[in-house]
Amino acid sequence: MALDYLGVAPDEERVYRALLSRPDGHAAELADVLSLPPGRVAVALEGLVARGLATPRAGERFSAISPDIALGSHLSDQRGRLHDAELALAELVEAYRTSALGNAERELIEVVHGPEAVQRRYLQLQLGATERIDTFVTGRPQVVSDRNTEEATVLARGIRARAVIDRDFLAEPDGVRNVEDSLGAGVEVRATSQIPLKLIVVDGRLAMLPLLGRGDGVDPSLVLRGGLAHLAQGLFDAVWARARPYGTTSEALDPVDSRIMQLLLAGFTDAAVAGQLDLSSRTVQRRISALMGRAGVASRVQLGWHAREHGWG
C-alpha cells in the first residue's frame, strides 16, 4: 500500500479509505464492505485513532480525520524518497474534501475531544510546520508543557517560532524558567498584560484554540482551516505588534536588573519578582531603588516610562 512508508499498516489504509466516504462509519459495516474479519477491522481502527487519522464516535462508529494534519509532518521530513506516498496523501485529502461537500463546517472546523487527543493534535501541528509557528501562552500548561513539546525538534529544522506570553503564565512556578529556555532555543518572545486565549497558528493555514476561549480548560479544542485560520493569524499579528520584546538585554543593565525590569513591566509585585528570581524582597527593593536613582526618577511609574524609552526591559 502507498502509505506503508509512513507507518500506516495495509489494513489501516484500507479501513481509512473506506471511512473517507462513510462519515460515522460503523465497525461492522466497514468489515462487511471490506470483506475483512471484524477483529482485523477493530485493530485497524485502533491504529488509525492512535495515529490521529480517525476519531471514535458513539456506538462503535468512527469518523476520518483530514490526513494533511496527521501525516503531513512525516512527509515534510521524507519528501524525496516518499514521492509516491505524497501523491497518495494528496489523493486522500481530495477524497476527504469530496466526501465533505455540503458540510462546510467539517471542512473548516475540527472539534478535538479529550486531553490525549488535544495533546496529540497540538504536537502534530507543531511537527507539520514548514515555515513558522505562532503561539499565545497564558496560564498553567494544560496538555503540552516543556516536558512533552516538540519545540526543539521544530526549531532544529529552521522553523521560525514566535510566542506572546502574559503575566498569568510568567506567574506560574516555572514560567520564567520556561520562557528563558525558549529564548535560549531561538524562540522570539514578546510579553503583554493579558492574552485573549491559548492559541497556536501554523504557517498561517492551520490554527488550534480552546472551544471555551479563555476558560481554564483546553478540552475540547478547535482546529481551524482556511479563512478561519487566517483570522486567527490576524489576531496573533495584532497582539504581537502591541506586545513588547521580552528577553532582550540592555548594555546599560546587568542581567539581574534586566530580568527585574522585565517582570516589573509585566505587572509583578516586588515579592513576586523576588520569588521568580530566587532573590530576597529586600534585594529586589534595593536594586529597584538603585535603578530609580540611575534613571533620575521619583516613582515606579516614571521608572517604567524610562525603561521603555531606554530599552531597559
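## Digging into the pairing of strand β5 (residues 132-137)
Thought 1: In the sheet, β5 pairs with strand β6 (residues 160-166) via six bridges, with the strands oriented parallel. In the sheet register, Arg132 faces β6, and the bridge partner there is Arg160.
Thought 2: With respect to chirality, the unit in which β5 leads through helix α9 (residues 151-156) into the neighbouring parallel β6 is right-handed.
Thought 3: Of the strand pairs in this sheet, β5 and strand β8 (residues 199-202) are connected by four bridges, and their pairing is antiparallel. The residue bridging Ile133 from the neighbouring strand is Val202, located in β8.

## As for a nonpolar patch on the surface
Thought 1: A surface patch of nonpolar side chains, amounting to about 190 Å² of accessible area, comprises Leu108, Ile109 and Val111.
Thought 2: In this fold, Val111 is placed in strand β4 (residues 109-112).

## Structural notes on the layout of surface pockets
Thought 1: If you add up the space inside the largest pocket, you get close to 800 Å³.
Thought 2: If you go around the largest pocket, you meet 40 residues; those closest to its centre are Tyr122, Thr135, Val137, Val144 and Thr149.
Thought 3: Mapped by element, the contributors of at least two residues to the lining of the largest pocket are α8 (115-128), β5, α9, β6, α11 (175-185), β8 and β9 (206-210).
Thought 4: Its residues assigned to classes, the lining of the largest pocket comprises 24 nonpolar, ten polar and six charged.

## So, the nonpolar core
Thought 1: Core analysis: the biggest nonpolar cluster contains 30 residues, and Ile165, Leu170, Tyr246, Met261, Leu263 and Val273 have the highest contact counts within it.
Thought 2: If you list the elements that add at least two residues to this core, you get β6, α10 (167-170), α11, β7 (188-192), α13 (255-265), α14 (270-277), α15 (281-295) and α16 (300-309).
Thought 3: Once residues lying within four places of it in the same chain are set aside, the contact partners of Ile165 are Val137, Leu170, Val179, Val189, Arg190, Ala191, Thr192, Ile195 and Tyr246.
Thought 4: Membership of the second largest hydrophobic core comes to 20 residues, among which are Leu19, Leu34, Val41 and Ala64.

## Topic: the environment of Arg259
Thought 1: As for its placement among the helices and strands, Arg259 is situated in helix α13.
Thought 2: Beyond its immediate chain neighbours, meaning those up to four positions away, Arg259 contacts Val176, Glu180 and Leu277.
Thought 3: Polar side-chain contacts of Arg259 include one of 2.7 Å to the side chain of Glu180.

## Some words on the pattern of salt bridges
Thought 1: Within this structure, the stated rule accounts for 17 salt bridges.
Thought 2: For the salt bridge of Arg17 with Glu13, the shortest nitrogen-to-oxygen distance reads 3.0 Å. Here Arg17 pairs with Glu13, and both are found in helix α1 (residues 10-20), just four residues apart, close to one helical turn.
Thought 3: Between Glu110 and Arg225 there is a salt bridge whose closest N-O contact spans 3.4 Å. Taken as a pair, Glu110 in strand β4 and Arg225 in strand β10 (residues 221-225) lie far apart in primary sequence, 115 residues in all. For the residue pair Glu110 and Arg225, the accessibility class agrees, reading buried in each case.

## Here's the deal with the side chain of Gln233
Thought 1: Checked against the element boundaries, Gln233 lands in helix α12 (residues 226-242).
Thought 2: For Gln233, a relative accessible area of 7% gives the class buried.
Thought 3: Among the polar contacts listed, one links the side chain of Gln233 to the side chain of Asp134, at a separation of 2.9 Å.
Thought 4: Setting aside chain neighbours within four positions, we find Gln233 in contact with Arg132, Asp134, Arg162, Val201 and Gly204.

## Description of the sheet that holds β10
Strand pairing in a sheet relies on backbone hydrogen bonds. The paired strands run either parallel or antiparallel.
Thought 1: Read from one edge of the open sheet, eight strands run β4-β10-β9-β8-β5-β6-β7-β11, paired in mixed fashion. Every interior strand has two partners, whereas the edge strands, β4 and β11 (244-245), have only one.
Thought 2: In terms of strand pairing, β4 meets β10 through four bridges, oriented antiparallel. Paired with Val111 across the bridge in β10 is Leu222.
Thought 3: Here α12 sits on the sheet and contacts β4, β5, β6, β7, β8, β9, β10 and β11; the angle it forms with β6, its principal contact strand, is near 65 degrees.

Thresholds, definitions, all that
- Residues numbered from 1 in each chain as written.
- Predicted model: local features only at pLDDT ≥ 70, side-chain atom pairs only at ≥ 80, totals over all residues.
- Heavy atoms only, no water.
- Pairing = 2+ DSSP bridges.
- Helix = DSSP H or I, 4+ residues; strand = E, 2+ residues; numbered from the N terminus.
- Right-handed = clockwise from strand over helix to strand, strands pointing away.
- Patch = residues over 30% accessible without salt bridge, like charges linked within 9 Å, V, L, I, M, F, W, Y side chains within 5 Å.
- Areas by Shrake-Rupley, 256 points an atom, 1.4 Å probe, with all protein chains shown as cover.
- Salt bridge = Lys/Arg side-chain N within 4 Å of Asp/Glu carboxyl O.
- 1 Å grid on protein atoms, 1.4 Å probe; cavity = no way out; pocket = protein on both sides within 12 Å on 5 of 7 lines; lining within 4 Å.
- Points joined across faces, edges and corners; volume = space filled by probe spheres on them.
- Nonpolar A, V, L, I, M, F, W, Y, C, P; charged D, E, K, R; others polar.
- Core = buried A, V, L, I, M, F, W, Y, C linked by side-chain atoms within 4.5 Å.
- Buried < 20%, exposed > 50% of the residue type's maximum accessible area, 1.4 Å probe, protein only.
- Contact = heavy atoms within 4.5 Å.
- Polar contact = N/O pair within 3.5 Å; in protein donor to acceptor, adjacent residues only side chain to side chain.
- Axes fitted to C-alpha atoms, helices over the stretch in contact; angles between N-to-C directions.

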